[in-house]
Structure formats: structure tokens, C-alpha cells
Amino acid sequence: MAGTMTIKLEFSGGLELLFGNERSQSVLIPPFVPSDNSTHSSPSPSSSIPSSYNSIPSTGETKAADLEYLIYHLRDHVLKERPELFMENGTIRPGILVLINNTDWELEGEGSYQLCNND
């Protein structure tokens, strides 16, 4: 789909239980997202991009899609249950190991890491 990025996700260590017992998933997100990380629509059971992503409101500021936005997207559109076990204080809960292309997210800048297609 033009104008979107494909992000590949893998869940393990029990985290997959929160995501419908699916260890591997792919999500589509737009390359530019609202600065406030709002995901614009109600949760979607599919991994396809919500139709509201086709046009970002011109009155809101945007930023390049980053890991912080992806966390909110996962919470609002992919997570099936118990968001309190996934997020705490606007970020991933302590104890959840996050890897970006097999590198610890702390080495990549954590939430400020700008996503690339096929990350």
C-alpha cells in the first residue's frame, strides 16, 4: 500500500498472550503521524491500516513515525487484552525486552527511534 510502512513484530516470553496468541504480526503505519501520538480511530481487530490514516488533519502537527507512536498504535489497534501489562506511564512496562532489528531499543534511542519500512 503506497504511503505506508510495514513494521514486522515478534512477541515471545508470554507477551504474545496479550496479542491474541500470535507470535509474529505485521502492521501498516503511515510515515508521518500526529505529534501527540493519537491513533485517530477505534481499535481495529485486523493488522491493516485504519482508513483514518489516509489523511492526517491539516490543523495538527505531525512527526516522522517513531517507536513511541508504534507503542500507542499497538495498544490501540493490536493489543487484545490487559493494556496495563503492556504499557506503564506512556511507555513499555519495565521487564519487557524491546529489540529493533535485533538491537536493544536503549541503544537505538528508545521511543525516539524513527521507524523505517520493514523494521
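One structure accompanies this document, and this report is about it. This structure is a prediction, so every number in the text was calculated from the model and none was measured. (Residues numbered from 1 in each chain as written. Predicted model: local features only at pLDDT ≥ 70, side-chain atom pairs only at ≥ 80, totals over all residues. Heavy atoms only, no water.)

**Topic: the pattern of salt bridges**
In this structure the tally under the stated criterion is six salt bridges. Between Lys63 and Asp66 there is a salt bridge; the shortest N-O distance is 3.1 Å. For Lys63, a relative accessible area of 18% puts it in the buried group. A residue is classified by how much of its surface remains accessible, and Asp66, at 9% relative accessible area, is buried. Residue Glu84 pairs with Arg82 through a salt bridge whose shortest N-O separation is 2.8 Å. Residues participating in the shared-partner salt-bridge network are Lys63, Asp66 and Glu68. (Salt bridge = Lys/Arg side-chain N within 4 Å of Asp/Glu carboxyl O. Buried < 20%, exposed > 50% of the residue type's maximum accessible area, 1.4 Å probe, protein only.)

**As for the packing of aromatic side chains**
Taken as a whole and judged by the stated rule, the model has two aromatic pairs. Note on Phe11 and Phe19: the rings are 4.1 Å apart at their centroids and 5° apart in plane angle, and the pair reads as stacked. Just as Phe11 is buried, Phe19 falls in that class too. Judged by its relative accessible area of 0%, Phe19 falls in the buried class. Ring pairing ties together the aromatic residues Phe11, Phe19 and Phe86, which thus form one cluster. (Phe/Tyr/Trp six-rings, centres within 6.5 Å; stacked < 30°, edge-to-face > 60°.)

**What to know about the layout of surface pockets**
By volume, the largest pocket amounts to about 760 Å³. If you go around the largest pocket, you meet 26 residues; those closest to its centre are Leu9, Glu10, Leu97, Val98 and Leu99. Among the residues making up the lining of the largest pocket, the classes are represented as 17 nonpolar, six polar and three charged. (1 Å grid on protein atoms, 1.4 Å probe; cavity = no way out; pocket = protein on both sides within 12 Å on 5 of 7 lines; lining within 4 Å. Points joined across faces, edges and corners; volume = space filled by probe spheres on them. Nonpolar A, V, L, I, M, F, W, Y, C, P; charged D, E, K, R; others polar.)

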